[in-house]
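Letter by letter, the chains look like this.
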Amino acid sequence: MPRSPLVLLPGLLNTRRVYAPQVEALADIADFTIPELWHHDTMAAMAEAVLASAPPTFALCGFSMGGYVAFEIFRRAPERVERIALMDTQAGPDSPETAARRRGFIEQTQIGRFHGIHPTLLPQLVHPSRVADESISQPLLDMASEVGGDGFVRQQQAILGRADSRPLLVEIDRPAVVIVGRQDLVTPLPRAQQMAADIANARLVVIEDSGHMTPLEKPAEVSAALRRWLTQ
């Protein structure tokens, strides 16, 4: 069976390591492209960089911030996207409170107060039962360190400037899956439900006992959902 070209888009302060379990689990059916998304400060530039390095056509999966980039890619080159997976992400813009918090993070980082993902943030990112699980927390800390303060600022600026992708959802007519952790506090379940409702024939997969970091928290369940999506 030929393998499908699969572009995996990491989230904020993530590297390709966030998808390590899926790369291992899906190697028999997918050829992976996993771009670095911390070199540009607009969604347009991120999307163009991905398109420049991606195969002519591909399956597209975006996690968290990677979902915002996935929307921008589909907006620019829908003919190249064979199917789409949206994981722990949202189509709508930030609330005013969230946008203000992002600007605060940028200001703190620009005056030299970037500490990556501080352990006190872990309860926001992972299920309460996994806050002390170093097999999840350590990769998060390591990835944030690799992206670094400058990369973090660029990513936050891109997120702040992103388009509202809710009107785009009805245009997505590809095989689609929306995956979300039931206890995701960053991009909560109702937002995933709304996306799945607005995309024609989208399948909604709710990952039980998982927070925002589903690829690392529940790797087997996420890989199974992606396998079903890739082979449907």
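Shown above is the structure to which this text applies.
A few points on the structure. (Residues numbered from 1 in each chain as written. Predicted model: local features only at pLDDT ≥ 70, side-chain atom pairs only at ≥ 80, totals over all residues. Heavy atoms only, no water.)

Once that is clear, we can look at the environment of Phe58. On the secondary structure map, Phe58 appears in strand β3 (residues 58-63). Note: C-alpha distance between Phe58 and Leu168 (110 residues apart in sequence) is 19 Å. Beyond its immediate stretch of four places on either side in the chain, Phe58 contacts Pro5, Val7, Leu51, Ile73, Arg80, Val81, Glu82 and Arg83. (Helix = DSSP H or I, 4+ residues; strand = E, 2+ residues; numbered from the N terminus. Contact = heavy atoms within 4.5 Å.)

Pairing within the open sheet is parallel, and its 6 strands lie in the order β2-β1-β3-β4-β5-β6. The sheet terminates laterally at β2 (30-33) and β6 (203-207), the two strands that pair on one side only. Along the sheet, successive strands turn relative to each other by an average axial angle of 20°, direction set aside. Where strand β4 (residues 81-87) meets strand β5 (residues 176-181), 4 bridges bridge the pair, whose relative direction is parallel. Paired with Leu86 across the strands is Val178, a residue of β5. Where helix α9 (residues 219-231) meets the sheet, its contacts fall on β1 (4-9), β2, β3, β4, β5 and β6, and the angle it forms with β4 comes to roughly 160°. (Pairing = 2+ DSSP bridges. Axes fitted to C-alpha atoms, helices over the stretch in contact; angles between N-to-C directions.)

Before going further, it helps to examine helix α2 (residues 43-53). Regarding α2, the residues found buried are Met43, Met46, Ala47, Val50 and Leu51. Down the axis of α2, the buried side of the element spans an arc of 130°, and every buried residue falls inside it. (Buried < 20%, exposed > 50% of the residue type's maximum accessible area, 1.4 Å probe, protein only. Arc of directions from axis to C-beta.)

The residue Thr42 is located in the loop between β2 and α2 in this model. The exposure class of Thr42 is partly exposed, given its relative accessible area of 35%. Each C-alpha atom, one on Thr42 and one on Ala158, is 4.0 Å from the other, the two residues being 116 residues apart in sequence.

This brings us to the packing of helix α4 (residues 96-110) against helix α6 (residues 134-160). For the pair α4 and α6, interaxial distance at closest approach is 10 Å and the crossing angle is 155°. By the angle class used here, α4 and α6 are roughly antiparallel. Judged by the sense of rotation from one axis to the other, the crossing of α4 with α6 is left-handed. For the pair α4 and α6, the contacting residues are Ala99, Arg102, Arg103, Phe105, Ile106, Thr109 and Gln110 in the first and Gly149, Phe152, Val153, Gln156, Gln157, Ile159 and Leu160 in the second. A breakdown of the residues in the contact of α4 with α6 according to their chemical character gives 7 nonpolar, 5 polar and 2 charged. (Parallel < 35°, antiparallel > 145°, perpendicular 65-115°, else oblique. Left-handed = near helix turned anticlockwise from the far one by under 90°. Nonpolar A, V, L, I, M, F, W, Y, C, P; charged D, E, K, R; others polar.)

A separate point is the pairing of β2. For β1 and β2, the ladder comprises 4 bridges, and the chain directions are parallel. Of the residues in β2, the one forming a bridge with Ser4 is Ala30.

Next up on the list: unusual backbone geometry. Even without being a glycine, Asp88 presents a positive backbone phi close to 45°. With respect to the helices, strands and loops of the structure, Asp88 is situated in the loop between β4 and α4. On the basis of relative accessible area, Asp88 is assigned to the buried category, the value being 0%. Positive phi values are uncommon outside glycine, yet Asn201 reaches one of about 60°.

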